[in-house]
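Listed below are the residues making up each chain.
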Amino acid sequence: MATSPLCLLLFFFSLFFGHGFVPLEASHKVFLHLQNQSPSSLKTHQPYRTGYHFQPPKNWMNGPMIYKGLYHFFYQYNPKGAVWGNIVWAHSTSTDLVNWTPHKHAISPSQPADINGCWSGSTTILQDGKPVILYTGIDPQNNQVQNMAVPKNLSDPFLLEWTKLPQNPLMEPTSTNNINASSFRDPTTAWKGADGRWRTIVGSKVNRKGIAILYRSKDFVHWTKAQHPLHSAKKTGMWECPDFYPVSINGLNGVDTSSIGKNLKYVLKLSLDDTKHDYYTVGSYNRVKDSYVPDKGSVDNDSGLRYDYGKFYASKTFFDDAKKRRILWGWINESSSVEHDIEKGWSGVQAIPRNVLLDKSGKQLVQWPIKEIEKLRANPVHVSSRQLKGGSMVEITGVTASQADVEVSFKISDFKKAEALDPSWSNPQLLCSQKGASVKGGLGPFGLKVLASKGMEEYTAVFFRIFKGQAKYVVLMCSDQSRSSLDNDNDKTTYGAFLDVDPVHEKLSLRSLIDHSIVESFGGGGKVCITARVYPTLAIDGEAHLYGFNKGTESVEITTLSAWSMKKAKIN
C-alpha cells in the first residue's frame, strides 16, 4: 500500500517554558527576548519576499503529502514573531504544489507526551487509505518521545482536524533501551515488510556516532525497538530528519516507500546537526536483516553527496502516487541578521519542490524542479548560437530579472587552455571561494550573473570552471555570493561542488530560478544543486539585471538560452 511522508522540518531543538531555557543539544540559536517580537505592521515595500516560493504572510516558518487529490504542507510556524519560538504546526493545501491555500493550525502542544513541544515527524498512508502522523514530542521531563496523531474526519479532504492517540508516547527512552533522551527525534515515513510489519527509523546519536534507530510494529500503535540500528556512522553527530526510500534503477518514475523489487536501490538522507547540511548515500537494503549498507564509493559523511550545496536543510521526500514521482522539499533559511529578520517581519522560505530520480550512473541522484512551476512562465526570451568571447558579458533583456527562470547550455570547442587541477584542490567550496567570479581563468568562469545592479556593484554569479585532471576534464560549479549585496551584515558565503559531466561529450547546462532573495541553481541536468539566499540593496525589483558572462581567456558558445519572467503564485 502506498505510503507518503511528511517531514515537518521541525528541527530546531531547544525547549522554552516560562522564562527559562532547558538545553536539549540545540541545533538552532535561541532568542528568548525576540521570539514574541514582531513589527507592529509589515513594511509596505518588501523587496526580498518571494513571488513563487512558499512562505507564510509573516513571521518565522520552516513537509508534504497527498491525500484525496490534495497536496498538504504542514510546517513549523511562530505566529508571534520572526525568530524561532511559540511553534505550532501550520497547514496549507494545494492542487498543484505551486498555489497554496492556508488553513487553521493543525497541531499544537496539548497532552503530556508533547506538552513542551511538538517537533518533526512524517506521515504514512495505511492500507485502508488512512493517513497517520508520527511526530516527536517533548514530555514533562523534557525527554524526546514519539507520538501519533490521526485525522478526526477522513471524509474531509482538507484534513482540518487531527486527534492525538491517548496511548502516546508510542516510543520513548527508557533505562533498558539506553536511548539518549535529548537526541531521539524525527520519525520517518514507515514502510511495510514482506512479514507484514511496519518499520520506521528515528534519528539519534551516541557521542558523535550518528544512528538511525529502527522500530517495528504490527498494528502501527505498539512499536518494538530492534536490537540493531538500520544504519550508523562514526563522527557524524546527531542525525536529524532522516529519510529512507527506494529509487528505481532503470525507470523514470518514483516508487512507493514500501516497494519491493530487484531493480531498486535505496537512499538514506541525513540532516547533520553539526554542519546543517543534508547529505545522502546510495546503497542496498537487506530486508531479512533490516540493515542498510551504502554502496562502495558512496561517502558516508558530510564530505559525501549532498542534496544541495547551498542553503538547504531538513528536507523530506514524499511519494506522489497520483503522478508516480518522488518529490523533495527543503527549507531555505535566512542569510540576513536576526535584527533584519524582525525588521522585515518574516524568516524562512521553502525551496521549489523537486522531482528526484537515480542518475543513470547509479551513483547519485538527479533533481529537477517540478513541471508545474513552468505554468508561471511568461514573456519568453530565446537566444541561440551566441559566442561569449573571453572577458565579455551580454545582458539578457525582456524578462523581469528579479523574478525569472533561466535555462542555458554552453559548448566549449578548445580545451587547450584548461587550467591544470592541483591534486590538493579537493574541497570544491574552498576552491570556489579562492577562484570566484572575478578571478580570470582559462576555461571559465562562465555562466550567469543574476540580481545584478546596473553598475555591477552587486551581483550573484553562478558559473562553471573547467580544469584538466590527470585522466579527464573536471567541471567545477560555483555560486558566488561575495558581491551579492553592499550590506555586509549578511552571510555571503560562496558555495560549490564538482559536477560529474564530461564537457567534451556532454552539454554543460545550467538552470537558475531567481526569486528576489533566492537563487536556486541546477547544473548538469540536476546533478548538482546550489541554493543561495541574497539581499541586494541596489539590484531589487525593476533595478535588477541578468547577464551571461565569460571571465575566462577562451571563448565559449551559448548554444541555447531561454529565459522567462515568472508570474506570482498564490501563496497563503
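From a predicted model like this one, the values you see are computed outputs, not experimental measurements.

Reading the values: the criteria
Residues numbered from 1 in each chain as written. Predicted model: local features only at pLDDT ≥ 70, side-chain atom pairs only at ≥ 80, totals over all residues. Heavy atoms only, no water. Helix = DSSP H or I, 4+ residues; strand = E, 2+ residues; numbered from the N terminus. Buried < 20%, exposed > 50% of the residue type's maximum accessible area, 1.4 Å probe, protein only. Contact = heavy atoms within 4.5 Å. Pairing = 2+ DSSP bridges. Axes fitted to C-alpha atoms, helices over the stretch in contact; angles between N-to-C directions. Polar contact = N/O pair within 3.5 Å; in protein donor to acceptor, adjacent residues only side chain to side chain. Disulfide = S-S within 2.5 Å. Salt bridge = Lys/Arg side-chain N within 4 Å of Asp/Glu carboxyl O. pLDDT = per-residue confidence, 0-100. Core = buried A, V, L, I, M, F, W, Y, C linked by side-chain atoms within 4.5 Å.

Chemist: What is the right way to read the environment of Leu214 from this model?
Modeler: Note that Leu214 resides in strand β15 (residues 209-217). Taking the relative accessible area as the measure of exposure, Leu214 reaches 0% and is therefore buried. Taking the C-alpha atoms as reference points, Leu214 and Asp290, 76 residues apart in sequence, are found 8.5 Å from one another. Setting aside anything within four residues of it in sequence, one finds Leu214 in contact with Trp191, Arg199, Thr200, Ile201, Thr224, Lys225, Ala226, His228, Pro229, Leu230 and Asp290.

Chemist: I keep staring at unusual backbone geometry and nothing clicks. Help me out?
Modeler: Excluding glycine, residues mostly carry a negative phi; peptide bonds, for their part, are mostly trans. A cis amide bond links Asn168 with the next residue in sequence, Pro169, at an omega value of 0°. Put simply, Gly444 and Pro445 share a cis peptide bond, and its omega is 10°. The phi dihedral of Asn178 falls on the positive side, at around 55°, and the residue is not glycine. Within the element layout of this structure, Asn178 appears in the loop between β11 (162-164) and β12 (184-185). Even without a glycine there, the phi angle at Asn379 is positive, about 50°. Checked against the element boundaries, Asn379 lands in strand β29 (residues 377-388).

Chemist: Sorry if this is basic, but what is going on with the environment of Ser433 here?
Modeler: Relative to the elements of secondary structure, Ser433 occurs in helix α2 (residues 428-434). Taking relative accessible area as the criterion, Ser433 reaches 45% and is therefore assigned partly exposed. Here the alpha-carbon distance between Ser433 and Thr494, two residues 61 residues apart in the chain, equals 5.7 Å.

Chemist: What should I look at first to understand the pairing of strand β40 (residues 545-550) in this one?
Modeler: Working note: regular strand, side chains alternate between the two faces of the sheet. With six of six residues buried, β40 is to be regarded as a mostly interior element. Here β40 shows two buried faces, one formed by His545, Tyr547 and Phe549 and the other by Leu546, Gly548 and Asn550. In this structure, strand β30 (residues 392-395) lies alongside β40, joined through four bridges in antiparallel fashion. Within β40, the position partnered with Glu395 by the bridge is Tyr547. Relative to β40, strand β33 (residues 443-452) runs antiparallel, the two sharing five bridges. Within β40, the position partnered with Gly447 by the bridge is Phe549.

Chemist: Could you clarify how one ought to interpret the sheet that holds β29 in this entry?
Modeler: Read across the sheet, six strands follow the order β29-β41-β31-β37-β38-β39 without closing on themselves; strand pairing throughout is antiparallel. Both edges of this open sheet fall to β29 and β39 (528-533), since each of them pairs with a single strand only. Between one strand axis and the next, the sheet turns through 15° on average, direction left out of account. Pairing of strand β31 (residues 403-411) with strand β37 (residues 508-515), which is carried by eight bridges, proceeds in the antiparallel orientation. Residue pairing for β37: Ser409 is matched across the bridge by Ser509.

Chemist: Quick question: what am I supposed to make of the side chain of Arg511 here?
Modeler: One can find Arg511 in strand β37. Classification of Arg511 as buried rests on a relative accessible area of 1%. Looking at Arg511, its side chain comes within polar contact range of the side chain of Asp405, at 2.7 Å. Setting aside anything within four residues of it in sequence, one finds Arg511 in contact with Trp368, Pro369, Ile373, Glu374, Arg377, Asp405, Val406, Glu407, Glu520, Ser521 and Phe522.

Chemist: Looking at this structure, how should I read the state of the cysteines?
Modeler: This model, assessed by the stated rule, comprises one disulfide. Linked covalently through their sulfurs, Cys432 and Cys478 form a disulfide whose S-S length is 2.0 Å. When the S-S torsion is -80°, as for the bridge of Cys432 with Cys478, the disulfide is left-handed. Taken together, the positions of Cys432 in helix α2 and Cys478 in strand β35 (residues 473-480) put the pair 46 residues apart, joining distant regions of the chain. When its relative accessible area of 1% is taken as the criterion, Cys432 is described as buried.

Chemist: Please clarify how the pattern of salt bridges should be interpreted in this entry.
Modeler: Where charged atoms from two side chains of opposite charge approach closely, those side chains can pair. Inspection of the entire model under this criterion finds 30 salt bridges. The partner of Asp273 in a salt bridge is Arg185, with the nearest N and O atoms 3.7 Å apart. Residue Asp273 is found in the loop between β19 (264-272) and β20 (277-286), and its partner Arg185 is found in strand β12; the two are separated by 88 residues along the sequence. The pair Asp273 / Arg185 is uniform in exposure class, with both members buried.

Chemist: Teacher, can you tell me more about the sheet that holds strand β9 (residues 131-138) here?
Modeler: Hydrogen bonding along the main chain pairs the strands of a sheet, whether they run parallel or antiparallel. One open sheet accounts for four strands, arranged β8-β9-β10-β11; its pairing is antiparallel. Unpaired on one side and paired on the other, β8 (118-125) and β11 mark the two borders of the sheet. Taking each pair of neighbouring strands and ignoring which way they run, the sheet shows an average axis angle of 30°. Pairing analysis gives six bridges linking β8 to β9, with the strands arranged antiparallel. In the strand pairing of β9, Ser122 is matched with Leu134.

Chemist: Explain the environment of Thr560 to me, please; I cannot follow it from the model alone.
Modeler: Mapped onto the secondary structure, Thr560 falls in strand β41 (residues 556-566). With relative accessibility at 42%, the residue Thr560 sits in the partly exposed group. Note: C-alpha distance between Thr560 and Glu407 (153 residues apart in sequence) is 8.0 Å.

Chemist: Please explain the confidence of the model for the protein as it appears in this structure.
Modeler: For any part of a model where pLDDT is low, the fine detail of the predicted coordinates should not be relied upon. Per-chain confidence: the protein averages 89 in pLDDT, with 88% of residues scoring 70 or above. This model gives residues 1-34 a pLDDT under 50, and the stretch forms 149 contacts once residues within four places in sequence are excluded.

Chemist: Hey, could you run me through the nonpolar core in this one?
Modeler: One broad trend across soluble globular proteins is that nonpolar side chains are buried collectively. Formed by 43 residues in total, the largest nonpolar core has its most connected members in Phe410, Ile412, Phe446, Phe464, Ile466, Leu508 and Leu546. For this core, the leading source of residues is β33, giving five residues. Tyr52, Val98, Trp100 and Phe318 belong to the second-largest nonpolar core, a separate cluster that totals 23 residues.

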